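Architecture at a glance
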Amino acid sequence: MNTETCRLCGGSTEALGAVFGTFSQRHYMLRRCTRCRYAFIADPWTEFERIYDERYYAGHGADPLVDYNFELAEPAATIRRYEWSGITRLVGSLLGGLDGVRWLDFGCGNGGLVRHLLATTNVVASGFEQGSIAAKARQLGIPIASDDSDLNRQPGSLDVVSAIEVIEHTVDPLAELRKIRALLRPGGLLVLTTGNAAPFADRLASWSYVRPEIHVSFFEPGTLALALGQAGFRPASIGSARGFDEILKFKVLKNLGVKRRNRFTDLIPARPVGLAADRRTRLSRMPLGWAV
């Protein structure tokens with residue numbers, strides 16, 4: 001792999017400096033394209049079975065802010081419910097309803113969103129996850145596939161694919177976006193979330209979102225729009241769509257180290273919290289994609 005060339009547009013890239021991975025205890029080189037602004041870890045750690053092992057899903061790995069085992073065991077008690085609710089409302093508002101919608105959560109982790117959709121909507125929902133936690137989720141009856149061959153059985157059949165905090169984990173994001181596009185019918189919707197690198201462009205190597213063992217691809221809004229277009233999507237703005245403020249409320253609580261819902265967190269109003277968070281992160285400027 002030529003680390004001097006952009007993986008999205010083929011442009012030249014510049015070194016932004018070394019970033020230290022606290023989990024692996026080693027340095028990685030961060031680069032950015034001078035043309036499309038795609039940034040990436042040039043020498044990623046690719047021993048995925050070691051990265052996404054049992055420790056990772058318990059919050060003892062490369063991302064200490066997650067605890068997927070807790071969320072799987074106690075879905076009603078986790079603050080992740082705010083995110084699940086927000087994503088559900090967001091997609092419903094964009095589609096004008098959810099009845100009978102065929103929805104795949106790509107990179108679904110423990111399948112929490114899938115379980116939420118099946119319990120609260122008439123969506124035909126399933127997940128795709130290759131990490132070790134998928135087997136635990138399947139034992140609880142959550143429909144999760146783990147093999148690419150399972151995806152190949154449903155080309156062009158889905159109305160919605162969600163990819164929540166997934167694309168930044170991928171070494172070849174364009175290949176993943178094309179894989180997702182192949183699953184969607186024309187006019188289908190891809191809803192994805194990932195960090196917006198633009199507000200941190202002049203200090204990207206110190207951006208807290210850069211966790212080099214697991215987050216290896218970084219996008220500005222225009223960069224993500226370019227990638228979506230190359231993969232067969234029409235990029236579109238999320239704007240002020242319903243539900244996005246709940247997603248941001250979850251992100252604020254997660255980054256504060258809060259894991260459990262309580263009466264206080266339920267009372268926190270999503271709208272002002274979401275607006276305040278968005279002023280700093282500008283996440284609402286990141287596009288979603290309509291399959292063309």
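Residues numbered from 1 in each chain as written. Predicted model: local features only at pLDDT ≥ 70, side-chain atom pairs only at ≥ 80, totals over all residues. Heavy atoms only, no water.

**Quick word on the sheet that holds strand E1 (residues 13–21)**
Taken together, the four strands give an open sheet; going across it, the order is E1-E2-E3-E9, and neighbouring strands pair in antiparallel fashion. Each edge of the sheet is formed by a strand with only one pairing partner; in this case those strands are E1 and strand E9 (217–218). Across eight bridges, the pairing between E1 and strand E2 (residues 26–33) is antiparallel. Along E2, the bridge assignment pairs Val19 with Tyr28. (Pairing = 2+ DSSP bridges. Helix = DSSP H or I, 4+ residues; strand = E, 2+ residues; numbered from the N terminus.)

**Re the pattern of salt bridges**
Evaluated as defined, the whole model comprises 19 salt bridges. Residue Glu83 pairs with Arg80 through a salt bridge whose shortest N-O separation is 3.1 Å. With a gap of three residues between them, Glu83 and Arg80 both fall in helix H4 (residues 80–95), about one helical turn apart. Since its relative accessible area comes to 3%, Glu83 is described here as buried. Classification of Arg80 as buried rests on a relative accessible area of 8%. As a salt-bridge pair, Asp159 and Arg185 come within 2.6 Å of each other at their nearest N and O atoms. Here Asp159 is found in strand E7 (residues 158–164), whereas its partner Arg185 is found in strand E8 (residues 184–193), with 26 residues between them in sequence. A network of salt bridges, in which partner residues are shared, links Glu71, Arg80 and Glu83. (Salt bridge = Lys/Arg side-chain N within 4 Å of Asp/Glu carboxyl O. Buried < 20%, exposed > 50% of the residue type's maximum accessible area, 1.4 Å probe, protein only.)

**Some words on the pairing of strand E11 (residues 288–291)**
Side-chain alternation along E11 places Leu288 and Trp290 on one buried face and Gly289 and Ala291 on a second face that is also buried. In this sheet, E11 lies alongside E8 in antiparallel orientation, the contact comprising two bridges. Across the sheet, residue Leu190 finds its bridge partner in E11, namely Gly289. Here strand E10 (residues 233–236) pairs with E11 via four bridges, running antiparallel.

**Here we look at the side chain of Glu220**
Secondary-structure assignment places Glu220 in the loop between E9 and helix H9 (221–230). With residues up to four places along the chain from it excluded, the contact list for Glu220 reads Arg37, Asn196, Ala197, Ala198, Ala201 and Met286. (Contact = heavy atoms within 4.5 Å.)

**Section: the environment of Gln230**
Looking at the secondary structure, you find Gln230 in helix H9. Relative accessible area serves as the criterion here: at 31%, Gln230 is assigned to the partly exposed category. Linking Gln230 and Leu177, residues 53 residues apart in sequence, is a C-alpha distance of 8.9 Å. Here Gln230 is in contact with Leu8, Leu174 and Arg178, once residues within four sequence places are set aside.

**Comments concerning the packing of H4 against helix H5 (residues 112–120)**
Their axes nearest at 10 Å, the elements H4 and H5 cross at an angle of 60°. Judged by the inter-axis angle, H4 sits oblique to H5. For H4 against H5, the interelement crossing comes out right-handed. Contacts between H4 and H5 involve Arg81, Trp84, Ser85, Ile87 and Thr88 from the first element and Gly112, Leu113, His116 and Leu117 from the second. Its residues assigned to classes, the contact of H4 with H5 comprises four nonpolar, four polar and one charged. (Axes fitted to C-alpha atoms, helices over the stretch in contact; angles between N-to-C directions. Parallel < 35°, antiparallel > 145°, perpendicular 65-115°, else oblique. Left-handed = near helix turned anticlockwise from the far one by under 90°. Nonpolar A, V, L, I, M, F, W, Y, C, P; charged D, E, K, R; others polar.)

**A closer look at the sheet that holds strand E5 (residues 124–128)**
Taken in spatial order, the seven strands of this open sheet run E6-E5-E4-E7-E8-E11-E10, and their pairing is mixed. The strands lining the two open edges of the sheet, one partner per strand, are strand E6 (144–145) and E10. Pairing of E7 with E8 involves six bridges; the strand directions are parallel. The residue of E8 that forms the bridge with Val160 is Leu189.

**Brief notes about the packing of helix H10 (residues 244–255) against helix H12 (residues 270–281)**
The angle between the axes and the distance between the axes are what describe a pair of packed helices. The contact between H10 and H12 brings their axes to 8 Å, and the two run at 70°. By the angle between their directions, the pair H10 and H12 is classed as roughly perpendicular. Side by side, H10 and H12 meet where Phe244, Asp245, Glu246, Leu248, Lys249 and Val252 of the first sit next to Ala270, Arg271, Val273, Gly274, Ala277 and Asp278 of the second. Of the residues belonging to the contact of H10 with H12, the class tally is six nonpolar, one polar and five charged.

**Overview of H9**
Those residues of H9 lying buried are Pro221, Thr223, Leu224, Ala227 and Leu228. For H9, the angular spread of buried residues about the axis comes to 160°, placing them on one side. Summarising the contacts, the buried residues of H9 are in contact with helix H8 (173–183), E8, E10 and E11. (Arc of directions from axis to C-beta.)

**What about the side chain of Asn196?**
Within the element layout of this structure, Asn196 appears in the loop between E8 and E9. Using a relative accessible area of 1% as the deciding quantity, one classes Asn196 as buried. Within polar-contact distance, the side chain of Asn196 engages the backbone nitrogen of Ala198 at 2.9 Å. Within the local environment of Asn196, its side chain forms a polar contact with the backbone oxygen of Arg282, the two atoms lying 2.9 Å apart. (Polar contact = N/O pair within 3.5 Å; in protein donor to acceptor, adjacent residues only side chain to side chain.)

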